[in-house]
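Secondary and tertiary structure notes
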Amino acid sequence: MKFRIRQYIAIILLILVNGVYAATENLYRSPNFIAVNKAGTLLFISEETSNTISVMDINTGQIHRRYNLSGTPGGLICSEDQNLLYVTCGQSNGVISSIDLKTHKINDLISAGHTPTSPILDSERQRLYVSNRYDNRVSVIDLKTCRVIKNISVLREPIAAMLTQDGNHLFVVNHLPDNSSSKDYAAAEISVIDTERLEVFQTIRLPDGSTAAQGICLSPDGKFAYVTHIMARYKMPTTQIERGWINTNAISIINVANFTLLNTILLDDVDRGAANPWQPTCSADGKYLCISHSGSHELSVIDQQAMLKKLALVGTDKNPSRVSDSPDDVPYDLTFLTDIRQRISLPGKGPRGLAIVDDTVYVAEFFSDTIAKVKLTDDKKQKTSSLPLGPAQTLTAIRKGNMLFHDAGICYQQWQSCASCHPGQGRVDGLNWDLLNDGSGNPKNTKSLLYSHRTAPAMALGVRADAESAVRSGINHILFAMPQERDAVAIDAYLKSLKPIASPHLVNDKLSISAQRGGKVFESAKCVSCHNGEMFTNQRSYDVGTGTGLDKDKSFDTPTLIELWRTAPYLNDGRAKTVYDIFKINNKVDEHGTTSNLTDQEIQDLAEYILSL
Ligand code: HEC
Ligand code: HEC
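Residues numbered from 1 in each chain as written. Chains lettered and ligands numbered in written order. Predicted model: local features only at pLDDT ≥ 70, side-chain atom pairs only at ≥ 80, totals over all residues. Heavy atoms only, no water.

Looking at the overall build of the chain
When helices and strands are tallied, the chain shows ten helices and 33 strands. For the chain, whose C-alpha radius of gyration is 24 Å, the value lies close to the compact-globule estimate of 25 Å for 613 residues. Summarising its shape, the C-alpha atoms of the chain cover approximately 70 × 65 × 55 Å along the three principal directions. Scored against the burial criterion, the 613 residues of the chain give a buried share of 56%. In the chain, of all internal contacts separated by at least 6 residues, the share reaching a separation of at least 24 is 52%. (Helix = DSSP H or I, 4+ residues; strand = E, 2+ residues; numbered from the N terminus. Rg over C-alpha atoms; globule rule 2.2 N^0.38 Å. Buried < 20%, exposed > 50% of the residue type's maximum accessible area, 1.4 Å probe, protein only. Contact = heavy atoms within 4.5 Å.)

See below:
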């Protein structure tokens, strides 16, 4: 009896502790995007973890209203007449809402795709363009009828967009490469949509190794688009990190008139990286191009005109650059911005979205729940201050781990954070890396860290006993820093807290008819003998005929199939662009399940099933 009472008390305590714990996680605000009204008097700040929008009075720095949303905000924009705020929110149940700024009523206008983000207003045509990140589609919404008039397929994870000045073209940033990673070219690309015909009419290639493309902005004269992204030197072995040997951080400049890439400029300095460039924005007078760096907690303030002028002179006899002889050298030149850019350390952690009002930049500091305020001047004595969005919260282990995972401050010379190769909350960059833990000359496709702690061993060849050891060796051998045990424990806690996102292949949260048929093929083709249990892996290694010449051991750890839809390309070296390719091209002699006897339709069904997990 006594034992029972004790058990009950223990259970009640556990529930209480968990309740308090969950409540604390929800107290964080995590500002991610900022919009401004036309008059430049109000900032609208979306807050990712509290599902709210704060309205800040620019004059006083005070929050004078807060709106509660039905889901996670993915972007916001204020109408031309300043009466409405359009907000995209939610994940698989995404909606576009409008907030009436006079009556404060929130209207869910229309249900959108999976994780709608970056709403763009076309006042002329009375339209809204929304990028649905996980459907890989852009929705075109007619605001008069509140209807989706077209869904336009783009490449992979559209995350940000921008309309040209004449309104004729929408530039859409695809976050990740959409290629096999074992070929010559793997990079994120820009899709250009013709807004008259409502179709993609051109794709602009970013340089090989461009990944985690994040933001885009237009120069005030409408001539150039600036795109922030990482430039991964993924073809080199990760033997050192100095001078941008592994990841560099860049901005690509697109010539809007002819839809071509003008060039790509590195944002790092020779001995100091400027990790995880997030959002670019120009000041209205075109003098400055400002970029937030979420990994190194900085703001780059670039003299836009000087940068364009210098670029135009490279390769001529008036070339001012001592390093770049020709335009082809620029994407490798770590000195290009010297003298024409100021690097400003921000007071808070994790700067993401930003807005410029007159001569002041406001930056959303995700992990500090603050807005940094920076006055733009040429005299290199910028005044920075910090505006809190609420009372400061203590850090839980998960929040601290989340912060460290995105923090290049723990990397030698702050070149990269864990999120540089594992963007999207510990997922993948779509590239191969030749890490040295399994020998060299055998690049491996980046793995998602979702459920990594529940599916030991770690790494394709299982060379790390578990995720804990991979986390510590990551800090040591990839960030070139000494792992602090308490930091590593926090990163473990964060990674263990990751939850899968519902697959865009599901129909009303259920398997489609094709996926249901595929579930039966999954059994008959003997997939279940290895991909079984809750995690779809028996955690053992097998040679399924996918080894390359340079792998000493051709047995690979059976990977989990959960969230497979998000982790292309596939197989240890990312050679398969699609699941279909794994079986149609890479399993001719049935070493990897029995698939050679399957019809094309059966393989499609099988793919549909595992892409729904
Ligand atoms: C330069 C790119 C890069 C960076 C930076 C990076 N990783 Fe990785 N990570 C990879 C690749 C590639 C793999 C898969 C390697 C393999 O399969 O052999 C991987 C695998 C892992 C795994 C094992 C996943 C599994 O289930 O097998 C963990 C855990 C991990 N990384 C954690 C981290 C942490 C924590 C950091 C920051 C300290 C980090 N990584 C930084 C590229 C990177
Ligand atoms: C003998 C054990 C075994 C069987 C049977 C098996 N698999 Fe696998 N599977 C593996 C191993 C090992 C890998 C890793 C191969 C690699 O990385 O090159 C893998 C990789 C995969 C991948 C790629 C995952 C990724 O993230 O890159 C998919 C998808 C997959 N299997 C699905 C299936 C399906 C569907 C079947 C049935 C037709 C099947 N497997 C049968 C062991 C097995």
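From this point, the narrative continues.
A few points about the site of ligand 2
The full set close to ligand 2 counts 25 residues, and Cys527, Cys530, His531, Thr546 and His592 are the nearest of them. At a separation of 2.8 Å, an oxygen atom of ligand 2 approaches a polar side-chain atom of Asn572. Between His592 and ligand 2, the recorded distance is 2.8 Å, taken from a side-chain N or O atom to a nitrogen atom. Among the elements of the structure, helix H9 (579–584) and helix H10 (600–610) are those that each provide at least two residues to the shell around ligand 2. (Near = heavy atom within 4 Å. Polar contact = N/O pair within 3.5 Å; in protein donor to acceptor, adjacent residues only side chain to side chain.)

Structural notes on the site of ligand 1
Near ligand 1 lie 25 residues; those nearest to it are Cys418, Cys421, His422, Met459 and Ala460. In the model, an oxygen atom of ligand 1 is placed 2.6 Å from a nitrogen or oxygen of the Met459 main chain. Those elements that provide at least two residues to the shell around ligand 1 are helix H4 (418–421), strand E31 (444–445) and helix H6 (467–477). The greatest single-element share of the shell around ligand 1, amounting to five residues, is contributed by H6.

Topic: the domain arrangement of the chain
Domain parsing of the chain yields domain 1 (399–497) and domain 2 (513–610). Of the roughly 1,800 Å² buried at the junction of domain 1 and domain 2 (both faces included), carbon and sulfur atoms supply 51%. When the buried surface of domain 1 facing domain 2 is broken down by residue, Asn445, Arg454 and Leu461 rank first, second and third, together holding 24% of it. There are three salt bridges connecting domain 1 and domain 2. Arg427 serves as the salt-bridge partner of Glu563, at 2.9 Å between the closest nitrogen and oxygen. Connecting domain 1 to domain 2 are nine residue pairs in polar contact (both at pLDDT 80 or more). Of the residues that constitute the side of domain 1 that touches domain 2, the class distribution is nine nonpolar, nine polar and four charged. (Domains from an automatic or database assignment. Buried area = accessible area lost by both parts, 1.4 Å probe. Salt bridge = Lys/Arg side-chain N within 4 Å of Asp/Glu carboxyl O. Nonpolar A, V, L, I, M, F, W, Y, C, P; charged D, E, K, R; others polar.)

A closer look at the confidence of the model for the chain
In this model, the chain carries a mean pLDDT of 93, and residues with pLDDT of at least 70 account for 96%. pLDDT under 50 marks residues 13–25. Its contacts with residues more than four places away, or in other chains, come to six contacts. (pLDDT = per-residue confidence, 0-100.)

So, the packing of helix H8 (residues 513–524) against H10
The geometry of H8 relative to H10 is characterised by a closest axis approach of 7 Å and an angle of 100° between their N-to-C directions. Classified by the interaxial angle, the pair formed by H8 and H10 is roughly perpendicular. Contacts between H8 and H10 involve Ser514, Ala515, Arg517, Gly518, Gly519, Val521 and Phe522 from the first element and Gln601, Glu602, Gln604, Asp605, Leu606, Glu608, Tyr609 and Ile610 from the second. A class-by-class count of the residues in the contact of H8 with H10 yields six nonpolar, five polar and four charged. (Axes fitted to C-alpha atoms, helices over the stretch in contact; angles between N-to-C directions. Parallel < 35°, antiparallel > 145°, perpendicular 65-115°, else oblique.)

Comments concerning the coordination of the iron atom of ligand 1
Of all protein atoms, just one serves as a donor to the iron atom of ligand 1, and that atom is His422 (NE2), at 2.1 Å. Among the structural elements, His422 can be located in the loop between H4 and helix H5 (423–426). (Donors = N, O, S within 2.8 Å, 3.2 Å for Na, K, Ca; no water.)

Here's the deal with the pairing of strand E5 (residues 73–78)
For E5, a buried count of five out of six residues is recorded, marking the element as mostly surrounded by other parts of the structure. Note: E5 against strand E6 (residues 84–89), five bridges, orientation antiparallel. Residue pairing for E6: Pro73 is matched across the bridge by Cys89. Between E5 and E6, which pair antiparallel one after the other, the connecting turn spans five residues, and Gln82 there sits at a positive phi close to 65°. (Pairing = 2+ DSSP bridges.)

Focus: H8
Quick reminder: α-helices carry 3.6 residues per turn. Residues three or four places apart thus point the same way. In a regular helix each residue adds 1.5 Å, so twelve residues correspond to 16 Å; H8 covers 17 Å between its end C-alpha atoms and thus fits that length. Taken as a whole, H8 has its buried residues at Ser514, Ala515, Gly518, Gly519, Val521 and Phe522. Angularly, the buried residues of H8 cover 165° about the axis, an arc narrow enough to put them on a single face. With respect to the buried face of H8, the exposed residues turned more than 90 degrees away are Ile513, Lys520, Glu523 and Ser524. For H8, the secondary structure elements touched by its buried residues are H10. Of the residues flanking the end of H8, it is Lys526, one or two places downstream, whose phi is positive at about 70°. (Expected span 1.5 Å × (residues − 1). Arc of directions from axis to C-beta.)

A look at the packing of aromatic side chains
Counted according to the given criterion, the structure contains seven aromatic pairs. Their ring planes at 50° and their centres at 5.5 Å tell us that Phe405 and Tyr494 sit as a pair that is tilted. Pair noted here: Phe405 is in helix H3 (residues 397–405) and Tyr494 is in helix H7 (residues 485–497), with a separation of 89 residues, a long-range link. You'll find Phe405 and Tyr494 in the same group, each marked buried. One Lys or Arg, Arg205, reaches over the ring of Tyr185 and ends 3.7 Å from the middle of that ring. Note that Lys310 overlies the ring of Phe336, its terminal NZ or CZ placed 4.7 Å from the centroid. (Phe/Tyr/Trp six-rings, centres within 6.5 Å; stacked < 30°, edge-to-face > 60°. Lys NZ or Arg CZ within 6 Å of the ring centre and 35° of its normal.)

Some details on the coordination of the iron atom of ligand 2
At the metal site, the iron atom of ligand 2 is ligated by His531 (NE2) and His592 (NE2), and these contacts range over 2.1 Å. Around the iron atom of ligand 2 sit six donor atoms; with metal-centred angles ranging over 88 to 180°, the donor geometry is octahedral. Residue His531 is found in the loop between H8 and strand E32 (541–542), and its partner His592 is found in the loop between H9 and H10; the two are separated by 61 residues along the sequence. Across the pair, exposure class does not vary: His531 and His592 are buried alike. (Tetrahedral: all angles 85-135°; square planar, octahedral: opposite > 155°, others 65-115°.)

Remarks on the nonpolar core
In this structure, Phe405, Leu495, Phe522, Tyr570 and Val579 are the most contacted members of the largest nonpolar core, which totals 60 residues. When residues of this core are traced back to their parent elements, those giving at least two are strand E19 (224–232), H3, H4, H6, H7, H8, H9 and H10. The residue makeup of this core includes at least three contributed by each of domain 1 (399–497) and domain 2 (513–610). The residues touching Phe405, leaving out its near neighbours within four places in the chain, are Ser417, Cys418, Ala419, His422, Gly426, Leu449, Ile491, Tyr494 and Leu495. Core analysis: the second largest hydrophobic core is formed by 20 residues, Cys217, Leu267, Ile302 and Ile340 among them. (Core = buried A, V, L, I, M, F, W, Y, C linked by side-chain atoms within 4.5 Å.)

Structural notes on the side chain of Ser97
On the secondary structure map, Ser97 appears in strand E7 (residues 95–100). Judged by its relative accessible area of 1%, Ser97 is buried. A polar contact is formed between the side chain of Ser97 and the side chain of Asp108, at a distance of 2.8 Å. Beyond its immediate chain neighbours, meaning those up to four positions away, Ser97 contacts Leu85, Tyr86, Val87, Cys89, Ile106, Asn107, Asp108 and Leu109.

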